[in-house]
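# Residue-level structural notes
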Amino acid sequence: MVKAPDSQDPAPGSPPAARTNRTRILVIGGGYVGMYTALHLQRKLKRELARGDIEIMVITPEPYMTYQPFLPEAAAGSISPRHVVVPLRRVLDRCTVLIGEVTAVDHAKRTATVTTLASAEEGTGAVAVPYDELVIAPGSVSRTLPVPGLADYAIGFKTVEEAIGLRNHVIEQMDIASSTRDPAIRDAALTFVFVGGGYAGVEALGELEDMARYTSRYYHNIKPEDLRWILVEASDRILPEVGEEMGKYAIRELRSRNIDVRLRTRLDSCSNRVAVLSDGSRFPTRTVVWTAGVKPAPLLAATDLPRNARGRLQCTAQLTIAGTEHAWAAGDAAAVPDVTAKAPDAECAPNAQHAVRQTKVLAENLVASLRGEPLKEYAHAYVGSVASLGLHRGVAHVYGRKLKGYPAWLMHRVYHLSRVPTFNRKARVLAEWTLAGLFKREIVSLGSLEHPRAEFEVAAGGRRPGHGPDHPPRGSHGGDRSGPTLGSRSTPPADRAPGSASDRRNGAGRGADPDPSPGSAQNRPRRPADDQGQSPRPSDEPPPATDRDD
């Protein structure tokens, strides 16, 4: 084993896992690329890890990897949320897993600046973590645009928290519609707007519409035709990865279920819970789901590593970062040349199909580099995609063959069952699918989980979330924000969109303000400065990492 020549001593204030004189491989990110790369590395370096010559450290904001292709089924209740995520510490049992956020990387000095959950408690601030080899895979974030009201009222669909929050939200809107006497409130509660016609938007819409239509049979005054579903897409087609023919079939299938598919249309505003589209349509709605593309994680801008015009790391076919030693990347954050394409400047699409396969080559090349062996190129020809449109409905374009309906849906399930990590998860997901076929669908909303201390605070003489003196009065900032978040039944939960994972990490439910204002810095998604306007298509990147493959 060849040790990197410029290993550093531990920096002052480093986490307890800081190394002494062994080679440290730092993996930034615990998603597809981060987890699979670390998994391959710990298998290939088993003896070196046992001797203490190598340390693999994984730094990630969450202690789990989310298998995003299953998020729509988790939102629909077909799969339990805990089976959509993979615990990193169990899978990466030979790695050091540090829960924290990397805010900057100085590769010239081989250090990463990290804030952990204990940083605020200790009062020490960020720490510098040294490394010898760097694998940077922070993934992507939702590409938001400066649409009025988007940060206040919309919700994304990239995390398991958002998926479950959206499920609770949809069911609670049906509760509101069932109990109100105001037709305007009823119509707004039963109108659901999805922005983005990629895999994330279409599959989420298809699964949730299917779930809501089933749920409506248990309401005495709500019929399936009372629910209004709208899909807004800026381009002239949806699901471009499955081909034009299958994309047109998907549109026909959705419209046959009374889903309003609007092509060449953009969301201009959703202020005050009114969705205004570029074609002049206005829809009072309490639900706006934003799935209009992704962009590289903001961390990449805080590094000294080379990037291309779209902000992704400029990589070689060997998955090294161009012009840089001891640095590697793959997945959404990396611009990897596609050596199988005819076009000379073609790049691999930032989707799960390439990401998972790139990790194996990346791990092999990193080990080969440490041992002074030659590297190999990553080469994988795109073989097709599959997508679900709801229960027993789907489209597929695989190896030139086109499938639709039940066969495509079955292929979608079989493929992703084979790809979900660990035998434990495979068995649990298969068992849940089997039980779902034998018993009725669950229609319970557990929105109160977002504020588990709410009832106790009331019993202890406090106020319900959203009723404290620090919250803006009703009607301020262009809308009613005094009500609690989803799950608190004291006032309609639709006064704002469901809380995100960052809300909980930033202190919600842990002694901080239990219900931050929707427009506050804590609850508002960060909008990088490079989003200056709305392009003809809401995203200049391919669809999110939830894109299906094979």
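Worth saying up front: this structure is predicted, and the values here are computed from it rather than measured. (Residues numbered from 1 in each chain as written. Predicted model: local features only at pLDDT ≥ 70, side-chain atom pairs only at ≥ 80, totals over all residues. Heavy atoms only, no water.)

## Description of the side chain of glutamine 353
Examined against the element boundaries, glutamine 353 turns out to sit in helix H11 (residues 352-370). The exposure class of glutamine 353 is buried, given its relative accessible area of 0%. (Helix = DSSP H or I, 4+ residues; strand = E, 2+ residues; numbered from the N terminus. Buried < 20%, exposed > 50% of the residue type's maximum accessible area, 1.4 Å probe, protein only.)

## Focus on the sheet that holds strand E7 (residues 127-130)
On the basis of which strands lie adjacent, the open sheet formed by seven strands has the order E7-E6-E5-E2-E1-E8-E20 and mixed pairing. Edge positions in the open sheet fall to E7 and strand E20 (327-329), since each of these has one partner strand only. Pairs of neighbouring strands in the sheet enclose a mean axial angle of 40°, with direction left out of account. Sheet strands touched by helix H1 (residues 32-44): strand E1 (23-28), strand E2 (54-60) and strand E8 (133-136). Its angle to E2, the strand with the most contacts, is close to 165°. Helix-sheet contacts for H11 involve E1, E2, E8 and E20, and the interaxial angle to E20 is about 170°. (Pairing = 2+ DSSP bridges. Axes fitted to C-alpha atoms, helices over the stretch in contact; angles between N-to-C directions. Contact = heavy atoms within 4.5 Å.)

## A word on the pairing of strand E12 (residues 228-232)
Buried residues dominate E12, accounting for four of its five residues. Two elements, strand E11 (residues 191-195) and E12, share five bridges in a ladder whose sense is parallel. Following the sheet pairing, valine 195 is matched in E12 by valine 232. Taken together, E11, helix H9 (residues 199-215) and E12 form a β-α-β motif whose crossover is right-handed. Tracing the backbone out of E12, into helix H10 (residues 244-256) and back to the parallel element strand E13 (residues 259-262) gives a crossover that is right-handed. (Right-handed = clockwise from strand over helix to strand, strands pointing away.)

## Comments concerning the packing of aromatic side chains
Think of a pair of aromatic rings as described by two things: how far the centres are apart, and how the planes are tilted against each other in angle. By the definition in use, this model includes seven aromatic pairs. Seen from their ring centres, tyrosine 32 and tyrosine 67 are 6.2 Å apart, and the 65° between their planes marks the pair as edge-to-face. On the criterion of sequence distance, the pair formed by tyrosine 32 in helix H1 and tyrosine 67 in the loop between strand E3 (64-66) and helix H3 (71-76) is long-range, its members being 35 residues apart. The residues tyrosine 32 and tyrosine 67 share a single accessibility class, namely buried. Members of the aromatic cluster, each reached through a chain of ring pairs, are Tyr32, Tyr67, Phe70 and Trp433. (Phe/Tyr/Trp six-rings, centres within 6.5 Å; stacked < 30°, edge-to-face > 60°.)

## As for the nonpolar core
Ile25, Leu92, Trp229 and Leu239 are the most contacted members of the largest nonpolar core, which has 117 residues in total. Looking at this core, the element that brings in the most residues is H11, giving nine residues. Among residues more than four places away in sequence, those in contact with tryptophan 229 are Val170, Phe192, Phe194, Leu205, Leu208, Glu209, Ala212, Asn258, Ile259 and Asp260. Listed in part, the 16 residues of the second largest apolar core include Leu145, Val193, Val232 and Leu267. (Core = buried A, V, L, I, M, F, W, Y, C linked by side-chain atoms within 4.5 Å.)

## A closer look at unusual backbone geometry
In this structure, leucine 319 takes a positive phi of about 70° despite not being glycine. Topologically, leucine 319 is positioned in the loop between strand E19 (313-314) and E20. In this structure, histidine 326 is a non-glycine residue whose phi angle is positive, near 60°. The exposure class of histidine 326 is buried, given its relative accessible area of 18%.

## Re the side chain of threonine 287
Position of threonine 287 among the secondary structure elements: in strand E17 (residues 287-290). Only 2.8 Å separates the side chain of threonine 287 from the side chain of histidine 169, close enough to count as a polar contact. When residues no more than four places from it in sequence are discounted, the contact partners of threonine 287 are Leu166, His169, Gln173, Thr191, Phe192 and Val193. (Polar contact = N/O pair within 3.5 Å; in protein donor to acceptor, adjacent residues only side chain to side chain.)

Shape is all these values report; function is a separate question.
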